Amino acid sequence: EQDVDRVIKRFLIGWGRMQRILGEKRAPEWKNKIANQIRSNSQKFDDLKTKDLSDVELGNFESDIKDLFESFKKALGDTWVGAAKVLHLICPNFFPPWDNKIAGAVIEEIKRKYKTKLKVEKLSGEDYYRFMQEIQNFIRKYEGLLSDLASKYEKSRVKIVDDCFWYATQRPLLLFFEGK
């Protein structure tokens, strides 16, 4: 509980700008719920902390990804952005963070690619899993460049992609997926 208050709360409110969403009225007891989720999933996290998104067969982790995303989303008062950010904080080389702008752009690509209907407000574990597939494909496609940037800036490749996508949301993200 102390680590959640000291690390995760600071991360979500400071970096994630989620103070409005994590107020006591919308997500009461969220810190205790997050601590309980971390505790109850510690074995999964111990395994996933050793994984790098670009190096795994993602299908082998599909049910864990969906379950973890849904459980953290629920613990945070149905906040999917917060769920992705907490998962990224715990396993930064495996779970990519999301924000509203990136999700909006990526959702358009997922809808086009998978011919599905999604609304950014209602993202599920399945949607996050698809997002992870797209991030994995992107990392593999630009492996050399992303590895160089990760070394230069001392960040994971997953975080480098997040930074790139955050900046790119000012332009059509489709340009990245089309490979032009």
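Check the entry above for the structure.
This section reports on the structure supplied with the text. Since the model is a prediction, treat every value here as computed from it, not as a measurement. (Residues numbered from 1 in each chain as written. Predicted model: local features only at pLDDT ≥ 70, side-chain atom pairs only at ≥ 80, totals over all residues. Heavy atoms only, no water.)

## Structural notes on the pattern of salt bridges
So, step 1. Summed over all chains, the structure comprises 12 salt bridges.
So, step 2. For Glu126, the salt bridge is made with Lys66, and the minimal N-O distance between the two is 2.4 Å. With a gap of 60 residues between them, Glu126 in helix 7 (residues 125–141) and Lys66 in helix 4 (residues 62–75) connect regions that are remote in the sequence.
So, step 3. Classification of Glu126 by relative accessible area gives partly exposed; the value is 27%.
So, step 4. Measuring nitrogen to oxygen at the nearest pair gives 2.7 Å for the salt bridge that ties Asp162 to Lys159. Note that Asp162 and Lys159 are positioned in helix 9 (residues 157–168) at a spacing of three residues, about one turn of the helix. The pair formed by Asp162 and Lys159 is uniform in burial state, with each residue classed as buried. (Salt bridge = Lys/Arg side-chain N within 4 Å of Asp/Glu carboxyl O. Helix = DSSP H or I, 4+ residues; strand = E, 2+ residues; numbered from the N terminus. Buried < 20%, exposed > 50% of the residue type's maximum accessible area, 1.4 Å probe, protein only.)

## Observations regarding the environment of Met132
So, step 1. Secondary-structure assignment places Met132 in helix 7.
So, step 2. For Met132, a relative accessible area of 0% translates into the label buried.
So, step 3. Placed 79 residues apart in sequence, Met132 and Leu53 show a C-alpha to C-alpha distance of 8.1 Å.
So, step 4. The residues contacting Met132, other than those within four sequence positions of it, are Leu53, Leu58, Ile65, Phe94, Phe95 and Pro96. (Contact = heavy atoms within 4.5 Å.)

## Side note on empty space enclosed by the protein
So, step 1. The tally for this structure, following the rule as stated, stands at one cavity of 30 Å³ or more.
So, step 2. Of the voids in this model, the largest cavity is the one considered here, and its volume is about 40 Å³.
So, step 3. Lining the largest cavity are Pro96, Pro97, Ile102, Phe131, Ile135, Val158, Val161, Asp162 and Phe165.
So, step 4. Among the elements of the structure, helix 7 and helix 9 are those that each provide at least two residues to the lining of the largest cavity.
So, step 5. Of the residues that constitute the lining of the largest cavity, the class distribution is eight nonpolar, no polar and one charged. (1 Å grid on protein atoms, 1.4 Å probe; cavity = no way out; pocket = protein on both sides within 12 Å on 5 of 7 lines; lining within 4 Å. Points joined across faces, edges and corners; volume = space filled by probe spheres on them. Nonpolar A, V, L, I, M, F, W, Y, C, P; charged D, E, K, R; others polar.)

## Digging into helix 7
So, step 1. With 17 residues, helix 7 should reach 24 Å at 1.5 Å per residue; the first-to-last C-alpha distance of 24 Å fits that figure.
So, step 2. Along helix 7, 12 of the 17 residues are buried, which leaves the element largely enclosed by surrounding structure.
So, step 3. Of the positions making up helix 7, those classed as buried are Gly125, Asp127, Tyr128, Tyr129, Arg130, Phe131, Met132, Glu134, Ile135, Gln136, Phe138 and Ile139.
So, step 4. Capping the start of helix 7 is the job of one residue whose side-chain oxygen sits 3.3 Å from the backbone nitrogen of Glu126: Ser124. (Expected span 1.5 Å × (residues − 1). Polar contact = N/O pair within 3.5 Å; in protein donor to acceptor, adjacent residues only side chain to side chain.)

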